[in-house]
Amino acid sequence: FKHNPEGDAFLEDESTKIFARKVADHYSARTNQTLEEREASVIIHLKKLNNWIKSVLIQLYARKGDVVLDLACGKGGDLIKWDKAKIGYYVGIDIAEGSIEDCRTRYNGDADHHQRRKKFSFPARLICGDCYEARLDEVLADDAPFDICSCQFALHYSWSTEARARRALANVSALLRPGGTFIGTMPDANVIIKKLRQAEGMVFGNSVYWIRFDEEFSEKKFKSSSPFGIKYKFHLEDAVDCPEYIVPFHVFKSLAEEYDLELVFVKNSHEFVHEYMKRQDYVELMRRLGALGDGNQDQSTLSPDEWEVAYLYLSFVLRKRGQPDRT
Ligand code: SAM
């Protein structure tokens, strides 16, 4: 992976690097679960709901033959969703070596623990690297332009410094074709700050998650100082245990505009569910994935605690300015 030759503008301090490494090590260390282990997870219905949200986003915006960039692709959990959308080419990048290895294994179909399936119908390139530091326009010069870029449950890791947040958006903007789409999910800062306000101390949560802010965090400081690097610790049972960063959405929106990325929509996950469950095809998809069951209050639906975690996230869609040169 090449480093940015212009160095200074995007120079990183040591602590940023240490936190990026912490995140990478955390995800690398998470081993692949067997199907049985996965089904036994206390957040299995939340995982299924998140898969439904990602599937809906992909089905809404991916077109047959699309060239796709999956930033922070993890273990390749979305490969099947992209295959169903009949995309033409896929590039996945993640900072965690272990995750990219698992992604490669899944793509190649060896020892696939989920299901024996036919090979993916699209060619793919899988790379290990830091999407918020590297000049991806150089690394992916031969693969660009992309029709669609996806960054699922990961963009908030770029918000540790302004330089990294800018690099993330500059990368997406440089690689998308005019009219191309950027889809993603990330924590909803409004909800997190609202919950912090209602909390007794600097910690809040329920039986499946907790979020803890540093003692020195104060709302006054939050409103007056830099919107980058506002760190909290996020623990989600059986999934995440990492330092994360608040992404104030209005700042994200205007920064994205600087990079010619215009907001199409933003929706909290609760709103997203209510909106897209009006469509029969997505109700059917939800039923197939098994996230919400059949409406009976039994084991086949999200627990109230899982539903509260869903509320911590939002989905966004941005569009790269300019006219597409193909239909
Ligand atoms: N997008 C995948 C999905 O939806 O299944 C994985 C989501 S996981 C919650 C977050 C991912 O972000 C991890 O795989 C982690 O390694 C990756 N990540 C965090 N910081 C990154 C960075 N600077 N560059 C690339 N990937 C990063």
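See the structure printed just above.
Residues numbered from 1 in each chain as written. Predicted model: local features only at pLDDT ≥ 70, side-chain atom pairs only at ≥ 80, totals over all residues. Heavy atoms only, no water.

1. Some details on the site of the ligand
Inspection of the region around the ligand gives 18 residues, with Lys54, Ala72, Asp94, Asp130 and Gln152 positioned closest. Asp130 is positioned with one of its side-chain polar atoms (N or O) 2.8 Å from a nitrogen atom of the ligand. Gln152 is positioned such that a nitrogen or oxygen atom in its backbone is 2.9 Å from a nitrogen atom of the ligand. Burial of the ligand by the surrounding chains reaches 89%, relative to a free accessible area of 590 Å². By residue class, the composition of the shell around the ligand is eleven nonpolar, three polar and four charged. (Near = heavy atom within 4 Å. Polar contact = N/O pair within 3.5 Å; in protein donor to acceptor, adjacent residues only side chain to side chain. Areas by Shrake-Rupley, 256 points an atom, 1.4 Å probe, with all protein chains shown as cover. Nonpolar A, V, L, I, M, F, W, Y, C, P; charged D, E, K, R; others polar.)

2. Some thoughts on the sheet that holds strand 11 (residues 313-320)
The seven strands are arranged 3-2-1-4-5-11-10 in an open sheet whose pairing can be described as mixed. Strands with a single pairing partner mark the edges of an open sheet, and in this sheet they are strand 3 (124-128) and strand 10 (261-268). Across this sheet, the average inter-strand angle for adjacent strands is 15°, counted without regard to direction. Pairing geometry for strand 10 and strand 11, over seven bridges, is antiparallel. Looking across to strand 11, one finds that Glu262 is bridged to Arg319. Against the sheet, helix 3 (residues 44-61) contacts strand 4 (146-152), strand 5 (176-187), strand 10 and strand 11, and its axis sits at roughly 165° relative to strand 5. (Pairing = 2+ DSSP bridges. Helix = DSSP H or I, 4+ residues; strand = E, 2+ residues; numbered from the N terminus. Axes fitted to C-alpha atoms, helices over the stretch in contact; angles between N-to-C directions. Contact = heavy atoms within 4.5 Å.)

3. Some points on unusual backbone geometry
Going from Ala144 to Pro145, the amide bond is cis rather than trans, its omega being 0°. Mapped onto the elements, Pro145 comes out in the loop between helix 6 (136-139) and strand 4. Despite not being glycine, Asp238 shows a phi value in the positive range, around 65°. Examined against the element boundaries, Asp238 turns out to sit in the loop between strand 8 (231-236) and strand 9 (240-245).

Shape descriptors only; they carry no functional weight alone.
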